[in-house]
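Working through the structure, step by step
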Amino acid sequence: MGLSHPKSQALLERARQVMPGGVNSPVRAFRAVGGTPLFIAEAKGAYLTDVDGQRYVDLVGTWGPAILGHARQEVVSAICDAAQRGTSFGAPTEAEVTMAEVVQDFFPSIEMMRMVSSGTEATMSAIRLARGATKRDGIVKFEGCYHGHVDSLLVKAGSGAASFGEPDSAGVPADLAQHTLTLPFNDGEGLRRLFAEKGEQLSCVILEAITGNMGVILPTPDFLSALEEVRERYGALIIFDEVMTGFRAHRGGAQAYLDFKPDLTCLGKVVGGGLPVGVYGGRADLMSHISPLGLVYQAGTLSGNPLATAAGITTLNILKQPDFFEAIEATTASIEQGWNAAIKEGQHKAVVQRAGTMITLFFSDKPVMNFDDAQACDHERFGRFHQIMLREGVYLPPSGYEACFVSAMHGQAEIDHIVNAAKIALAESAK
Ligand SMILES: *Cc1c(COP(=O)(O)O)cnc(C)c1O
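What comes next is a walk through the structure. (Residues numbered from 1 in each chain as written. Predicted model: local features only at pLDDT ≥ 70, side-chain atom pairs only at ≥ 80, totals over all residues. Heavy atoms only, no water.)

1. As for the sheet that holds strand 6 (residues 180-183)
Spatially, the seven strands line up as an open sheet ordered 4-10-9-8-7-5-6, and their pairing is mixed. Looking along the sheet, the strands with just one partner apiece sit at the ends: strand 4 (112-116) and strand 6. The sheet shows a mean angle of 20° between the axes of neighbouring strands, taken without regard to direction. Direction of pairing for strand 9 (residues 264-267) relative to strand 10 (residues 278-282): antiparallel, over a ladder of four bridges. Following the sheet pairing, Leu264 is matched in strand 10 by Gly282. (Pairing = 2+ DSSP bridges. Helix = DSSP H or I, 4+ residues; strand = E, 2+ residues; numbered from the N terminus. Axes fitted to C-alpha atoms, helices over the stretch in contact; angles between N-to-C directions.)

Dropping the structure here:
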């Protein structure tokens, strides 16, 4: 059914000798969809080119960061200029201050912040802070929400962990996992009950308030009310993990989309403009617990790295231009409409869910509201769909538990391509 990819295949064989599964992050191995993972030679604008010289419209966007499209000239120049002045100092720089101010502009709830080098580091540090500030050990997360590969958070995680049907990782001590309590996403009643029972032991609730790592799912109003209630009543901190939704679900993240002010926020992906950056931050009184002001320790040799801040500042400043985000959102809405029309026309059992510039096609006959619903989707069909989309020149995330990410470089030609390919792939994958 698929194309042949001789050079990717050969590289995969070499890679498997030296890296587990031949990859540096598990979802890249294409285990969930079958076929050969494509080794990428280069990317420009909305397109990826693999080592076999085949070109694809990219809907992964490096899992979100490529919101301006790949290799945007201003960003490339900013990185090169910064590199000329030195790639790391291990001392403070003006760029870090500027970057923090730009981030604050998008996220007014982040009164103070720290820069780290990945989303994982951001969530790990945020829960350490929540535990330190509240002097409680328990944390609450939701099934299917992925917060990076932090030990405490690799419990019922979505994303790559979900694709493998191994929600829990080996190597996470049971003593640690016992402090992580999980509930279904959108289960407001469950959250109220859990806090009624164990409220005094729980430091925080961490969530993807709009999920991306089990596909795009929006929270219900009751679920959001329950979050407010447990914060009010039990003093638990609400942590929005916006590593994926930040600058994506809305220019101001899920918190702007939902009009909900979390105590702490985690950012990653877009914030680094394609270079390794994470951010955690929020209420100034909480951030004052971070060393050297307070007793919660967190550090990083490459934190606030000059190349990463150059890419981040440049990306965010472009994104800040009037109507820039809205245009990407409109493109995503056009893809949504096109996919919905194709689903209706072919009477396919599929639903499309979108938030801002993130969009998921689920093979489900009803709206997907939580992880059970996401698991109940026809993932075998998604695998076939994925391979046909590749053949048709569209690069989708290689798992049915993910969102697609649209960029500023996706124009009408790309919208048409993506919609036409989906029409074909919906029809063929039905068999
Ligand atoms: C990607 C992601 C992370 C982890 O970020 P890394 O940079 O991969 O460590 C954490 N939380 C969410 C919601 C993510 O999407």
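Structure shown, so let's carry the discussion forward.
2. Thoughts on the packing of helix 12 (residues 324-346) against helix 15 (residues 412-429)
Helix 15 packs onto helix 12 with a crossing angle of 25° between their chain directions and a minimal axis gap of 9 Å. Relative to helix 15, the element helix 12 is oriented roughly parallel. Seen from above, helix 12 lies across helix 15 with right-handed handedness. Residue-level inspection shows Thr331, Ser334, Ile335, Gly338, Trp339, Ala342 and Ile343 of helix 12 in contact with helix 15, the latter providing Ile415, Ile418, Val419, Ala422, Lys423 and Leu426. (Parallel < 35°, antiparallel > 145°, perpendicular 65-115°, else oblique. Left-handed = near helix turned anticlockwise from the far one by under 90°. Contact = heavy atoms within 4.5 Å.)

3. Regarding the site of the ligand
Close to the ligand lie Ser118, Gly119, Thr120, Tyr146, His147, Gly148, Glu208, Asn213, Asp241, Val243, Met244 and Lys269. One nitrogen or oxygen atom from the side chain of Thr120 is found 2.6 Å from an oxygen atom belonging to the ligand. Contact distances for the ligand include 3.3 Å between a nitrogen atom and a backbone N or O atom of Tyr146. (Near = heavy atom within 4 Å. Polar contact = N/O pair within 3.5 Å; in protein donor to acceptor, adjacent residues only side chain to side chain.)

4. Structural notes on the pairing of strand 5 (residues 138-142)
Most of strand 5 is tucked away: five of the five residues are buried. By the alternation rule, side chains of strand 5 split into Gly138, Val140 and Phe142 and Ile139 and Lys141, which are all buried. In this structure, strand 5 lies alongside strand 7 (residues 202-207), joined through three bridges in parallel fashion. In the sheet register, Gly138 faces strand 7, and the bridge partner there is Leu202. Looking at chain direction, strand 5 and strand 6 are connected through four bridges and run parallel. The residue of strand 6 that forms the bridge with Ile139 is Thr180. (Buried < 20%, exposed > 50% of the residue type's maximum accessible area, 1.4 Å probe, protein only.)

5. Things to note about helix 3 (residues 94-106)
Its 13 residues place the ends of helix 3 19 Å apart at the C-alpha level, agreeing with the 18 Å of an ideal helix rising 1.5 Å per residue. Lining the buried residues of helix 3 we find strand 4, strand 9 and helix 11 (306-319). (Expected span 1.5 Å × (residues − 1).)

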